[in-house]
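Each chain, written out:
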Number of protein chains: 2
Amino acid sequence: MPVWNAPTRDTRFMINELIDLQSYAHLPGFASVSTDLTDAVIEEAGRFVGEVVAPLNQVGDREGCTRHADGSVTTPTGFKDAYRQYVEGGWPTLSAPEQFGGQGLPHAISFVLEEYMGSANQAFAMYPGLANGAISSILVKGSPDQQAKYLPKMVSGEWLGTMNLTEPHCGTDLGLIRTRAEPQADGSYAITGTKIFISAGDNDLTENIIHLVLAKTPGAPESSKGISLFIVPKVLVNDDGSLGDRNAVSVGSIEHKMGIHGNATCVMNYDGAKGWLVGEENKGLAAMFIMMNAARLGVGIQGLGQAEAAYQNGLAYALERRQGRALTGPAEPQQKADPLIVHPDVRRMLMDAKTFIGGMRALCTWGALQVDLAHAAETEEERQAADDLIGLLTPVIKGYGTDMGYKVATDMQQVWGGHGYIIENGMDQFVRDARIAMIYEGANGVQAMDLAGRKLAMNGGRAIQRLFALIDAECAAAGDDPVATLVAEKLARVNGELKASVMWFMQNAMTNPNNLGAGAYPFMTLTGIASTGLMWLRMAKVAAAALAKGTDEVPFYEAKLACARHWAARFAPQAGALRREIEAGADTIMALSPEAFAA
Amino acid sequence: MPVWNAPTRDTRFMINELIDLQSYAHLPGFASVSTDLTDAVIEEAGRFVGEVVAPLNQVGDREGCTRHADGSVTTPTGFKDAYRQYVEGGWPTLSAPEQFGGQGLPHAISFVLEEYMGSANQAFAMYPGLANGAISSILVKGSPDQQAKYLPKMVSGEWLGTMNLTEPHCGTDLGLIRTRAEPQADGSYAITGTKIFISAGDNDLTENIIHLVLAKTPGAPESSKGISLFIVPKVLVNDDGSLGDRNAVSVGSIEHKMGIHGNATCVMNYDGAKGWLVGEENKGLAAMFIMMNAARLGVGIQGLGQAEAAYQNGLAYALERRQGRALTGPAEPQQKADPLIVHPDVRRMLMDAKTFIGGMRALCTWGALQVDLAHAAETEEERQAADDLIGLLTPVIKGYGTDMGYKVATDMQQVWGGHGYIIENGMDQFVRDARIAMIYEGANGVQAMDLAGRKLAMNGGRAIQRLFALIDAECAAAGDDPVATLVAEKLARVNGELKASVMWFMQNAMTNPNNLGAGAYPFMTLTGIASTGLMWLRMAKVAAAALAKGTDEVPFYEAKLACARHWAARFAPQAGALRREIEAGADTIMALSPEAFAA
């Protein structure tokens, strides 16, 4: 069975040393965050996930979920018990508001649990993950009655929740949805239609599931401006909070998928199901975006998580499997062959993986802090800055994070050679599971357009200017540590390529918006390299300072410096090529007529 | 069910227009190659594969192979009948020597069938594919008696063949094998040991299978210099050619794999099985390399084939699925949404795919011609040049070809969005099947080392100097067509990066061979970009000439020019980044101690 160990030491580095969470203790919501508390949460989360959740990852892949003749759905062996322990441990409540039974901790803390869960068992993690999205929407857009009725049991984990957007004929283009919502005399709506790809759509983990469903009311505009959001419980909830009748929603089938078999991806049939409007009519898309932004960050974290899980197993094999000899002569002459890790090409893959993982974990931790600061920072300027930056980088964390998660999973499978292709060894599951993260919650091409087509231009480009300035300032303050200086020099160049690309978009996208569309993807990748580079510069400074001060963890900090240098040597050089791809524009991409593609 | 259509028009372009096969008619073995013949083979191969082999691709994935209680193995529904038709059609015999019942056609022709088969159904294609490897070895290294005994029925397809190299503890490092061969009084050997990952190891397609097995004779050196190659038939063959007793070889199990389910990947147990030495004792590795070189080209072609198959289905979906609107305003305002192909990011993936496919098909066709010319060209200089070039480019075709095959399969799955993740749609099979091609017949990292560590230095760098000169000459002769001029300009720059990289290796690998190992992989990618760029320059010239001359296939030739420009816009720019990665050397890659990777 694949190994999985919570990377607690690195997490503590991120929380305590990189973002120094304790330094925000004066802000609302951060008061209780002592190093003792965060370290305890990290260790306990690592222990729980490692002991209870991780061992079910391969079981879930092998067994999948089952829809029974009566329409009920059961999850793989062990999932129900693990979920019970998850709820009993209070894990769902970490960052939920205290008003509804949550612990009100910063997202920078709950992110840790999210990473560990998605890393150890992505399919399992999606059950509470989707519920979190549903909670977010009700928190922001639900009426006080709705909040009181649904949130406490969702926050506690007693009930789960889902997001119902996609229909057979539409995914990205939600303006096309056909599910109808007919107003009823009692103020509710009768929801009728079919939704597909509904993750965690039904299951046996909880006695109720609160579905959030996009539908159209009679006479609503045809576009995405005519979509409303509804709460549709699987089991109706009486006014006293007790469960009532089963609602008219059923599972048509469970999809057969490439991966994440342990999650029940359902076709949901709504057949006049009772639903209640969330927020205003025709404003459903905005409400949905609240949960989507959280979900997109969550999916980016899945990319990180799958990379971490695959890396641990790639590394274990590289240390254990003996094949061939080091190019510089036998490393272990007394053995018949050296371990794989002596080979530079194996190390290339391991170092690429380790460097991506470290950079992305830092970016996600720092990003989670921005989510908190967007609400809790002292000044409007600080709140706006945090909101700008996390808004800009959400599609990057999702798109670049999951592209690289898949690449790392593929590379780590490659380290295993032929044995990586054998299902029992589990390396292919990392690839198959990681693959969906590039697709769902907005395919990565949609993320790229969200970044280049929407986030860049918002507020006159304020957010990207903040990122430029942040990187410039960080490079200028690199100090005289040689590694930090090196990384700063490369990062400044990457920032230059990023600026030039934005300039090129400004000069060329007005005349032809296809130039934006054609360059959006390499621009997302470039921004991913720049923002993880920013993190490596900061980490290099922290690590150099720790070593200068003296530490009994020399190998840990030296590994940080080695990865920072590896970012400079192997990631930074890609920036120039990406800029040139962007500047190539739409010309060759739009040259052919659709028919000529088959020529 | 996924579509698959033989790309016959493009194949005819490659054979008749790009390499102009007819111009070699004066050489031995090429005499019969008229345009009529090649066009007929292309059309018939396309028809046969499209009608008989392609429809079984998904069936094979779904059913897999079965090992029964008696140890026998059956292939998926339809495979046996399709193989019968394959044999009856004479398809196995295309490029085999006439002496053993073959048609003696150039490899440039048999490559077409190989591409179509691997594209339409990789798992099925592997049955005759492995037999071809076995045939090559017996042709070159077998005794006249062995050739007479085994080759006629292998060439006809009546018997299949396999390659048995890997053991549980060794794959790349064959010096470690443990299978023993004990000499017997009758001149045969008793073979005992376990082989794993044996593709097509057993099956119900033929009444006999000729296994080629690597084993060690008593007292043989411990390294790869102590390996011998043996013929071990599944069923012993009597002197009169009739079948005798079952040999002591059995299938322990069929591996559970990520993909290529339709091929029986077997654990083979040899239990004192009767075998006969092929060639000299302890010279088995050299004999094995003969089949491996052919097999490596074949695997590169699988990368091309999976890319083609995935592209056809990605394109079909992009033309049919409607989602969103063109950035420049509705393309089809009367519809509720535009087809996916209006979106630049979707086209980016399609153009990348089409450009890779065209460049790689050209490279493989030209490469197959070099295989022929290495034997058939008039002068020793020409034969040597062809041999040098195909030797150099074999690891590139295998490594770059399969990396890109996987990337294209992944991109085309991405075009399908969530529907690409659903097994019934077949897009995930392209990804899962394409994945193995990066691993088997020498993992791509091994290919990179074969290129950079072995092929570069052979004969004082003669082969790479030939490639440099070929590209330089082609760029100098670009003529004045604007597309050819543009491509030549970019290609010259790519060649410059390639030359600089080789120079860097020369200056830095002697002092530290890890610098070679660390740069081998980006060097392989860079060589892949350069060599497909060379092909695009040639194709641009051919297409421009055809358009200038006048043609009723304007869209076909214009598409060639568009792809050539796309290579220049989007592939060529990567060269600089790859060179910088190479020049970064082993420093950051070898910085950490093995233990520190877990820090």
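Residues numbered from 1 in each chain as written. Chains lettered and ligands numbered in written order. Predicted model: local features only at pLDDT ≥ 70, side-chain atom pairs only at ≥ 80, totals over all residues. Heavy atoms only, no water.

**Structural notes on the overall build of chain A**
- The helix and strand inventory of chain A stands at 17 helices and eleven strands.
- Against the compact-globule benchmark of 25 Å for 599 residues, chain A has a radius of gyration of 24 Å, which places it among compact chains.
- Taking all 599 residues of chain A together, 64% fall into the buried category.
- Restricting to contacts in chain A with at least 6 residues of sequence separation, those with at least 24 account for 73%.
- Within the structure as shown, chain A displays about 20,100 Å² of accessible surface, and the carbon and sulfur contribution to it stands at 53%.
- On chain A, the mean spot of the 49 positive side-chain charges and the mean spot of the 66 negative ones are 4 Å from each other. (Helix = DSSP H or I, 4+ residues; strand = E, 2+ residues; numbered from the N terminus. Rg over C-alpha atoms; globule rule 2.2 N^0.38 Å. Buried < 20%, exposed > 50% of the residue type's maximum accessible area, 1.4 Å probe, protein only. Contact = heavy atoms within 4.5 Å. Areas by Shrake-Rupley, 256 points an atom, 1.4 Å probe, with all protein chains shown as cover. Lys, Arg positive; Asp, Glu negative; His and termini not counted. Charge placed at Lys NZ, Arg CZ, Asp CG, Glu CD.)

**Quick look at the environment of Ser23 of chain A**
- Its location among the elements puts Ser23 of chain A in the loop between helix H1 (8–18) and helix H2 (35–53).
- At 2.6 Å, the side chain of Ser23 of chain A and the backbone oxygen of Asp20 of chain A are in polar contact. (Polar contact = N/O pair within 3.5 Å; in protein donor to acceptor, adjacent residues only side chain to side chain.)

**What about the UniProt feature "domain: Acyl-CoA dehydrogenase/oxidase N-terminal" (unreviewed entry) in chain A?**
- When the UniProt feature table is mapped onto this chain numbering, "domain: Acyl-CoA dehydrogenase/oxidase N-terminal" (unreviewed entry) sits at residues 40–158 of chain A.
- For residues 40–158 of chain A, the end-to-end C-alpha separation is 24 Å, with 66% helix and 3% strand making up the annotated structure. (UniProt positions renumbered as here; feature names shortened; annotations may be inferred.)

**Quick look at helix H13 (residues 458–476) of chain A**
All names here are of chain A.
- Counted at 1.5 Å a residue, the expected span for H13 with its 19 residues is 27 Å, and the 27 Å between its end C-alpha atoms agrees.
- Of all the bends in H13, the greatest, near 30°, is centred on Gln465.
- Gly461, Ala463, Ile464, Arg466, Leu467, Phe468, Ile471, Glu474 and Cys475 are the residues of H13 that are buried.
- Buried residues along H13 sit against helix H10 (380–415), helix H14 (482–508) and helix H15 (514–549). (Expected span 1.5 Å × (residues − 1). Bend = angle between axes of the 7 residues up to and from the residue.)

**Overview of unusual backbone geometry**
- Phi is positive for Ala200 of chain A, which is not a glycine, with a value near 60°.
- Unusually for a residue other than glycine, Phe197 of chain B sits at a positive phi of about 60°.
- Positionally, Phe197 of chain B belongs in strand E5 (residues 189–198).

**A look at the relation of the copies chain A and chain B**
- Rotating chain A by 180° and translating it 0.0 Å along the rotation axis places it on chain B, where the RMSD comes to 0.0 Å. Classification of the inter-copy transformation places it as that of a two-fold axis. Taking the C-alpha atom as reference, chain A places Ala577 of chain A closest to the rotation axis, 3.1 Å from it.
- Of all interface residues in chain A, 100% are interface residues in chain B too; the two copies therefore contact each other through one and the same surface. (Least-squares fit on C-alpha atoms with pLDDT ≥ 70 in both.)

**Quick word on the interface of chain A and chain B**
- Taken residue by residue, the interface counts 94 residues in chain A and 94 residues in chain B.
- Around 8,100 Å² of area is buried between chain A and chain B when both sides are counted, 61% of it from carbon and sulfur atoms.
- Where chain A touches chain B, the interface holds four salt bridges.
- For the salt bridge of Asp587 of chain B with Arg565 of chain A, the shortest nitrogen-to-oxygen distance reads 2.8 Å.
- At the boundary of chain A with chain B, the tally comes to 51 residue pairs in polar contact (both at pLDDT 80 or more).
- If one sorts the elements of the side of chain A that touches chain B by residue count, helix H16 (residues 554–571) of chain A sits on top with nine residues.
- Its residues assigned to classes, the side of chain A that touches chain B shows 48 nonpolar, 24 polar and 22 charged. (Buried area = accessible area lost by both parts, 1.4 Å probe. Salt bridge = Lys/Arg side-chain N within 4 Å of Asp/Glu carboxyl O. Nonpolar A, V, L, I, M, F, W, Y, C, P; charged D, E, K, R; others polar.)

**Here's the deal with the UniProt feature "domain: Acetyl-CoA dehydrogenase-like C-terminal" (unreviewed entry) in chain A**
- Per the UniProt entry, the sites bearing "domain: Acetyl-CoA dehydrogenase-like C-terminal" (unreviewed entry) are residues 468–592 of chain A in this numbering.
- Secondary structure content for residues 468–592 of chain A is 81% helix and 0% strand, while the C-alpha to C-alpha distance between its ends is 36 Å.

**Quick notes on the nonpolar core**
- In terms of nonpolar packing, the biggest core is built from 415 residues, with Met412, Phe523 and Trp567 of chain A together with Met412, Phe523 and Trp567 of chain B touching the most fellow members.
- For Trp567 of chain B, the contacting residues outside a window of four places in its chain are Thr355, Val487, Lys490, Leu491, Val494, Ile529, Thr532, Gly533, Trp536, Ala572 and Pro573 of chain B. (Core = buried A, V, L, I, M, F, W, Y, C linked by side-chain atoms within 4.5 Å.)

**Considering the packing of aromatic side chains**
- One pass over the structure, following the stated rule, counts 31 aromatic pairs over all chains.
- On the basis of an interplanar angle of 35° and a centroid distance of 5.7 Å, the ring pair of Tyr83 of chain A and Tyr86 of chain A is categorised as tilted. Taken together, the residues span about one helical turn, with Tyr83 of chain A and Tyr86 of chain A both in helix H4 (residues 79–88) at a distance of three residues. The exposure classification of Tyr83 of chain A matches that of Tyr86 of chain A, with both residues buried.
- An aromatic cluster of at least three residues, connected via ring pairs, comprises Phe48, Tyr83, Tyr86 and Trp91 of chain A.
- Cation over ring: Lys149 of chain B sits above Trp276 of chain B, and NZ or CZ is 5.8 Å from the ring centre.
- Above the face of the Tyr521 of chain A ring, Arg348 of chain B is positioned so that its terminal group lies 4.1 Å from the ring centre. (Phe/Tyr/Trp six-rings, centres within 6.5 Å; stacked < 30°, edge-to-face > 60°. Lys NZ or Arg CZ within 6 Å of the ring centre and 35° of its normal.)

**Re the pattern of salt bridges**
Residues and elements named next belong to chain A.
- Evaluation of the coordinates by the stated rule reveals 74 salt bridges over all chains.
- Between Asp411 and Lys407 there is a salt bridge, with its nearest N and O atoms 2.8 Å apart. You can see Asp411 and its partner Lys407 sitting in helix H10, four residues apart, about one turn around the helix.
- Residue Asp411 is classed as buried on the basis of its relative accessible area, which comes to 13%.
- For Asp428, the salt bridge goes to Arg432, with nearest N and O atoms at 2.8 Å. Remark: Arg432 and Asp428 occur in helix H11 (residues 427–437); sequence separation between them is four residues, near one turn of the helix. Summarising the burial analysis for this pair, Asp428 and Arg432 share the class buried.
- A network of salt bridges, in which partner residues are shared, links Asp10, Glu115, Glu308, Arg361 and Lys560.

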